[in-house]
Amino acid sequence: MNLPTFTRRRASADTAKTTATSSVTYDQHHEQSRAAQRHADIWLTIGTALMGTFVLGFIGLPIFLRGVWLQRQAQKAGLSVRPIMVTLIGYLVVLDAFLNSIGWILDLGASHTLITRVFFTAWGNFVDNGYFWHYNELWIGGSSAPGEKGWEVTLIFTVFPMRVAAAIAFLQMKRWGHQWLTVTCWFGVVIWVGYVVNMTMYADIRFDGTVLPVVGWWLYDIFYITPFLAIPYLHTVNREIFSD
Amino acid sequence: MNEQDRKRKRALIVFQIVIYGFLLTMFLIQMNMYMNRDW
């Protein structure tokens, strides 16, 4: 196909390749790499921020993908940019921490707002009765499911902020970012083991009367296991690529 | 790949089998309850 959009893209990629491979000094190469990485990061950050809001996720995804594409182009052009895997894991962890935090902060602190009462109870009625059964009836409001508030407070105030900080440093290729991301991804294992056992212990409350019991909850929540999918990578990557 | 790397990879494979096995077990327990209860 020779559609103008495609040829323009190809042309710009070719130009980038020529610029990068033609003889440049180390400083110029460094500067070009920095600029290319920054350009891609702007798209990646905006895309992740939009996806982190839940409702604007469908706008955020294409913006994020454009960021990935820009970074790939820079890599192909020979510039020294961050490895794609580091980019994907870093932004995915930020997104996971944001999605978890925003949902649970709404349940904890804004449980009587119209948006929470509508969305949470509708979602609860569909897949998780913990967000429907006696909703807003305890002294703090929000979900009344046994154990739920303990998880909310613990994770919002400990592991999620740690995880965002670690992921940002990881994206900056800092050594402490790699170390702390490993720590918080292991914490993801703790979260999943604890939370799923809690769900199973109180399964009669969580699933009784829901539209799609068990399968619905797993379909929705399985995507949150992504942080600990990164554990094998974090333990086998060459640590020397992260600087002090 | 040296001995340490080999051991590390083996440990990570064991870890993944254990953790996904655990999640699958919990899912199957819930499915079993789903089939036996009037949810």
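Residues numbered from 1 in each chain as written. Chains lettered and ligands numbered in written order. Predicted model: local features only at pLDDT ≥ 70, side-chain atom pairs only at ≥ 80, totals over all residues.

Looking at an unreviewed UniProt entry, one finds chain A named Emopamil-binding protein and attributed to Nocardia aurea.

S.K.: I'd like a description of the overall build of chain B, backed by residues and values.
M.R.: A count of helical and extended segments in chain B gives one helix and zero strands. By residue count, 3% of the 39 residues in chain B fall in the buried class. (Helix = DSSP H or I, 4+ residues; strand = E, 2+ residues; numbered from the N terminus. Buried ≥ 20, exposed ≤ 12 C-beta atoms within 10 Å, placed from the backbone.)

S.K.: Which residues make up the UniProt feature "transmembrane region" (unreviewed entry) in chain A, and what values go with them?
M.R.: Residue and element names in this part refer to chain A. Within the UniProt annotation, "transmembrane region" (unreviewed entry) is assigned to residues 42-64, 84-102, 114-133, 153-171, 183-203 and 215-234. Between the C-alpha atoms that bound residues 42-64 there is a distance of 9 Å. The span itself is 78% helix and 0% strand. Taken as a whole, residues 153-171 contains 95% helix and 0% strand, while its terminal C-alpha atoms sit 27 Å from one another. (UniProt positions renumbered as here; feature names shortened; annotations may be inferred.)

S.K.: Could you give an account of the confidence of the model for chain A, with specific residues and numbers?
M.R.: Of the residues in chain A, 91% have a pLDDT of 70 or more, and the chain-wide mean is 89. Note that pLDDT drops below 50 for residues 1-8 of chain A; the model gives that stretch two contacts with residues more than four away or on any other chain. (pLDDT = per-residue confidence, 0-100. Contact = placed C-beta atoms within 7 Å.)

S.K.: Let's hear about the interface of chain A and chain B: which residues, and what values?
M.R.: Counting residues at the interface gives 16 residues for chain A and 15 residues for chain B. Elements represented by at least two residues in the side of chain A that touches chain B include exactly helix H8 (175-201), helix H9 (203-207) and helix H12 (231-236) of chain A. Looking at which element gives the most residues to the side of chain A that touches chain B, the answer is H8 of chain A, with five residues. Taken together, the residues of the side of chain A that touches chain B sort by class into 10 nonpolar, five polar and one charged. (Nonpolar A, V, L, I, M, F, W, Y, C, P; charged D, E, K, R; others polar.)

S.K.: Tell me about unusual backbone geometry, residues and numbers included.
M.R.: Residues and elements named next belong to chain A. Phi at Phe 54 is positive, roughly 75 degrees, even though this residue is not glycine. Here Phe 54 lies in the loop between helix H2 (26-51) and helix H3 (57-76). The phi torsion at Asn 136 lies on the positive side, around 65 degrees, for a residue other than glycine. For Asn 136, a count of 16 C-beta atoms within 10 Å gives the class partly exposed.

S.K.: Can you break down the packing of H8 of chain A against helix H1 (residues 3-36) of chain B residue by residue, with the values?
M.R.: One can describe the packing of H8 of chain A onto H1 of chain B by two numbers: an axis separation of 10 Å at closest approach and a directional angle of 15 degrees. Taken as axis vectors, H8 of chain A and H1 of chain B run roughly parallel relative to one another. Viewed along their axes, H8 of chain A and H1 of chain B form a crossing whose handedness is left-handed. Only Ile 19, Phe 22, Leu 23, Met 26, Ile 29 and Gln 30 of chain B of H1 of chain B make contact with H8 of chain A, whose side of the interface consists of Val 189, Trp 192, Val 193, Val 196 and Thr 200 of chain A. When its residues are assigned to classes, the contact of H8 of chain A with H1 of chain B shows nine nonpolar, two polar and no charged. (Axes fitted to C-alpha atoms, helices over the stretch in contact; angles between N-to-C directions. Parallel < 35°, antiparallel > 145°, perpendicular 65-115°, else oblique. Left-handed = near helix turned anticlockwise from the far one by under 90°.)

S.K.: Describe the environment of Val 197 of chain A, with residues and values.
M.R.: Looking at the secondary structure, you find Val 197 of chain A in helix H8. Taking C-alpha positions, Val 197 of chain A is 55 Å from Tyr 26 of chain A, a pair spaced 171 residues apart along the chain.

S.K.: Let's hear about H3 of chain A: which residues, and what values?
M.R.: All names here are of chain A. With 20 residues, H3 extends 28 Å from end C-alpha to end C-alpha; this agrees with the ideal 28 Å at 1.5 Å per step. Among all positions in H3, only Gly 60, Phe 64, Gly 67, Leu 70, Gln 71 and Ala 74 are buried. The buried side chains of H3 occupy one side of the element, clustering within an arc of 115 degrees when seen end-on. What points out from H3, more than 90 degrees from its buried face, is the exposed set Phe 58, Pro 62 and Lys 76. Looking at the buried positions of H3, the neighbouring elements they touch are H2 and helix H4 (84-109). Count one or two residues on from H3 and you reach Gly 78, which has phi positive near 90 degrees. (Expected span 1.5 Å × (residues − 1). Arc of directions from axis to C-beta.)

S.K.: For the confidence of the model for chain B, give the residues involved together with the corresponding values.
M.R.: Model confidence for chain B is summarised by a mean pLDDT of 92, while 100% of its residues fall at 70 or above. As scored by the predictor, the complex reaches a pTM of 0.83 and an ipTM of 0.91.

S.K.: How would you explain the nonpolar core if you had to name every residue and give the values?
M.R.: Residue and element names in this part refer to chain A. Membership of the largest hydrophobic core comes to 31 residues, with the highest contact counts inside it found for Ala 74, Val 93, Val 94, Ala 167, Phe 170 and Leu 181. Listed by contribution, the elements that provide at least two residues to this core are H2, H3, H4, helix H6 (148-157), helix H7 (159-171) and H8. Among the elements that take part in this core, H4 stands out by supplying eight residues, more than any other. Residue-level mapping places this core at the junction of two domains, with at least three residues from each of domain 1 (1-81) and domain 2 (83-244). In this structure, Val 94 is in contact with Thr 48, Val 164 and Ala 167, ignoring residues within four places of it in sequence. (Core = buried A, V, L, I, M, F, W, Y, C linked by C-beta atoms within 7 Å. Domains from an automatic or database assignment.)

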